[in-house]
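Summary of the model geometry
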Amino acid sequence: MLIAFSGGVYVSSQASQWVRGALHEYGNAIGYNIDFEKFELSVLKLRLEVDGIRISDQQNNEKLLTVKKSIVDLNWLDFVIKRIHLSEIHIESPVVNLNKDKKNWNWQEFITAVQKNAAKNSTKDEGKPFEFLIDEFKLSNGKIAFVDNSAKLKAELTPIDIELKKLTNRESDGSIGGLESGYSIKLGSASIPVPGSDKTVKFNHIKVFGNIDVDSKNNLKLLLNAEVDKGKIDSVTELQGASGKLSSKIKLQKISIAPVIQLLPANKPLITDSGDVTGEFTITGSYFDSISKYKALQYINKTLQHVDVKHLSTLSKIKLDFAKFYKGKKSKKIKIENNSVINYFDKSEFTEQDLQMNRLYRVLDQWVSKRSWRNSVEYSVDDTEDPIKFIIIIKK
C-alpha cells in the first residue's frame, strides 16, 4: 500500500513538471503565457485536479482567462475500447476577460494564434475521429467581463452556472463526428449596457436549458427553453449546414417589456413597470447569411441611437425608390446611415467624361426633382473614392 501511494505521488509530481513544461513550450509558440499553480493526478482514482489556471498575452500581460479550480474524473475501462470517457468535469470560478482594441477582441487574436499553430503542425492524414463521452460537465460561479472602449461598453455577467449532460460526438446511427448534449445555463440577475449608449437592460433572472444536436454534416437541431424573469420562451430551431437555411418556431409567454422599452426610439425616455408579450411566430430563410453579411444587430442598434424617429418612414421610402435609380447602371448596395440614404456604384460603371462633366450630380438632381419627398432632402455625389456614393440627406 505504501509503495503504491509513494508511486502515485511520484507520478503526480512528474506529470506536473511535464505538463507545465509542455504548456510553456506551446504558449511560447503562440505568444501567450499558459500556467497553473497546482497539479494533482491520482492514478488509482483517475482523477485530475488543477488549481490556478491562467492564460495571458505575452506582449501586454493582459489576462484572458483565470480558473480557480478544475476537476476531471476519467473512466479506465473505456480506454480499452478506444473511447475517451470522462465521468465529470467541474470548473470552478472561471473568469473570462473579453477586451477589444480598435480592431479585434483579445480572444479573436488568441484563437487565430491557436489556429495558425495547428495548421503549421497538422498532418494530412488525421485518421478516424476518436469517440468521446462526458457524462457531466459543470461550470460554477463563472464571470465574463466585457470591455470595448470604442463602443463605450463595459459590462460583467456573473454568476454564470453551466451544466451539460451526456456530451458526446456519437450520433444515433452509431457514426462519429457530430455533437449532442443536454444543457442548462443560469445567469441569475444581469445588467447589460447597450453599446454606444448610457442605457442598460436589466434582468432579475435568466435561465436557459434544452438540448443541442449537431450531426457530421453540420445540420443543427436546437431545443431551447428559457426563463426570463417571470416569462418563458420555448423554441425549436433547425439549421441545414450545407444551405444555411434556418427554421425556428418560437413561443413567448408573458415576456416583460419593461427591460427593453427604454431602447425604443422616442422623443422622451420611455419607462414602464408593467406589460408583457405573449405569442407564437416562425422564422424561416437563410438568416445566418444575412446576419453575417450585414451585421444586423450592430445596424439595428446604430439606427435606434442615431436616426430621428420622425424620418424613418421617409428614409424607408427613399431607400425603396433608390433601387430604381440610374437606369442601365447596377447598384452595389443601398443603406440607411444616420439620417441619410447612400447608394453605392462601382466607379467602373462610369466614364472619365461622366466624372469630369459632373454628369452624376445632374442625373441625381433630375431624378430627385421628380420624387414626392424632394422638398425634404438635400443631396450630393462623392466620386473621390471607389465605390461612388450618391447621398440623400433628410433636412433637419
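Higher on the page you've got the structure.
Residues numbered from 1 in each chain as written. Predicted model: local features only at pLDDT ≥ 70, side-chain atom pairs only at ≥ 80, totals over all residues. Heavy atoms only, no water.

1. Overview of helix H7 (residues 359-368)
Among the residues making up H7, those that are buried are Leu360, Leu364, Trp367 and Val368. Buried residues of H7, seen end-on, are gathered within an arc of 95 degrees and therefore sit on one face of the element. (Buried < 20%, exposed > 50% of the residue type's maximum accessible area, 1.4 Å probe, protein only. Helix = DSSP H or I, 4+ residues; strand = E, 2+ residues; numbered from the N terminus. Arc of directions from axis to C-beta.)

2. Focus on the packing of aromatic side chains
On inspection of all chains with the given rule, the structure shows 17 aromatic pairs. On the numbers, 5.4 Å between centres and 75 degrees between planes, the contact of Trp107 with Phe110 is edge-to-face. On the criterion of helical spacing, the pair formed by Trp107 and Phe110 is a turn pair, its members being three residues apart in helix H2 (residues 106-121). Phe110 matches Trp107 in its accessibility class, with the two residues each being buried. When the centroid spacing of 5.0 Å and the interplanar angle of 65 degrees are considered together, the rings of Phe325 and Trp367 count as edge-to-face. Here Trp367 lies in helix H7 and Phe325 lies in the loop between helix H5 (312-322) and strand E14 (333-337), a separation of 42 residues in the sequence. A relative accessible area of 3% places Phe325 in the buried class. You can call Trp367 buried: its relative accessible area is 14%. Grouping aromatic residues by their ring pairs yields a cluster made of Phe322, Phe325, Tyr326, Phe345, Phe350, Trp367, Trp373 and Phe390. Over the ring of Phe209 we find Lys207, and its NZ or CZ is 5.3 Å from the ring centre. Above the face of the Tyr344 ring, Lys333 is positioned so that its terminal group lies 4.9 Å from the ring centre. (Phe/Tyr/Trp six-rings, centres within 6.5 Å; stacked < 30°, edge-to-face > 60°. Lys NZ or Arg CZ within 6 Å of the ring centre and 35° of its normal.)

3. Some thoughts on the pattern of salt bridges
If you walk through the whole model with that rule in mind, you get 19 salt bridges. Between Lys69 and Glu49 there is a salt bridge, with its nearest N and O atoms 3.8 Å apart. Of this pair, Lys69 sits in strand E4 (residues 63-74) while Glu49 sits in strand E3 (residues 47-57), and the two are 20 residues apart along the sequence. In this structure Glu49 comes out as partly exposed when scored by relative accessible area, which is 23%. One network of salt bridges, with partners in common, ties together Arg47, Glu49, Asp51, Lys69 and Asp73. (Salt bridge = Lys/Arg side-chain N within 4 Å of Asp/Glu carboxyl O.)

4. What about the sheet that holds E14?
Spatially, E14-E15-E17-E16 is the arrangement adopted by the four strands of the open sheet, whose pairing is antiparallel. Both outer strands of the open sheet, E14 and strand E16 (377-382), are each paired with one neighbouring strand and no more. Ignoring which end each strand starts from, the neighbouring axes of this sheet average 15 degrees apart. Of the pairings in the sheet, the one linking E14 to strand E15 (residues 340-345) comprises five bridges and is antiparallel in character. Along E15, the bridge assignment pairs Ile334 with Asn343. Packing of H7 onto the sheet brings it into contact with E16 and strand E17 (388-394), and relative to E16 it is tilted by some 155 degrees. (Pairing = 2+ DSSP bridges. Axes fitted to C-alpha atoms, helices over the stretch in contact; angles between N-to-C directions. Contact = heavy atoms within 4.5 Å.)

5. Re the environment of Ser140
Positionally, Ser140 belongs in strand E6 (residues 131-148). C-alpha separation for the pair Ser140 and Asp161, spaced 21 residues apart in sequence, amounts to 4.6 Å.

6. Quick look at unusual backbone geometry
A cis geometry characterises the amide bond from Thr158 onward to Pro159, with omega recorded as -5 degrees. Tracing the backbone shows Pro159 in strand E7 (residues 153-170). In this model, Asp386 is joined to Pro387 through a cis peptide bond whose omega is 10 degrees. Examined against the element boundaries, Pro387 turns out to sit in the loop between E16 and E17.

7. A closer look at the pairing of E3
Note: strand E1 (residues 32-35) against E3, four bridges, orientation antiparallel. Bridge pairing in E3 places Asn33 opposite Ser56. One ladder, built from five bridges, connects strand E2 (residues 38-42) with E3; its direction is antiparallel. Residue pairing for E3: Ser42 is matched across the bridge by Arg47. In this antiparallel pair of consecutive strands, E2 and E3, the connection spans four residues, and Leu46 shows a positive phi of 55 degrees.

8. Description of the environment of Asn225
Mapped onto the secondary structure, Asn225 falls in strand E10 (residues 220-228). Distance in space between the C-alpha atoms of Asn225 and Lys251 is 9.5 Å, their sequence separation being 26 residues. Those residues within four positions of Asn225 in sequence are excluded, and the remaining contacts are Lys207, Val208, Phe209, Gly210, Ile233 and Asp234. Looking at Asn225, its side chain comes within polar contact range of the side chain of Asp234, at 2.8 Å. (Polar contact = N/O pair within 3.5 Å; in protein donor to acceptor, adjacent residues only side chain to side chain.)

Shape is all these values report; function is a separate question.
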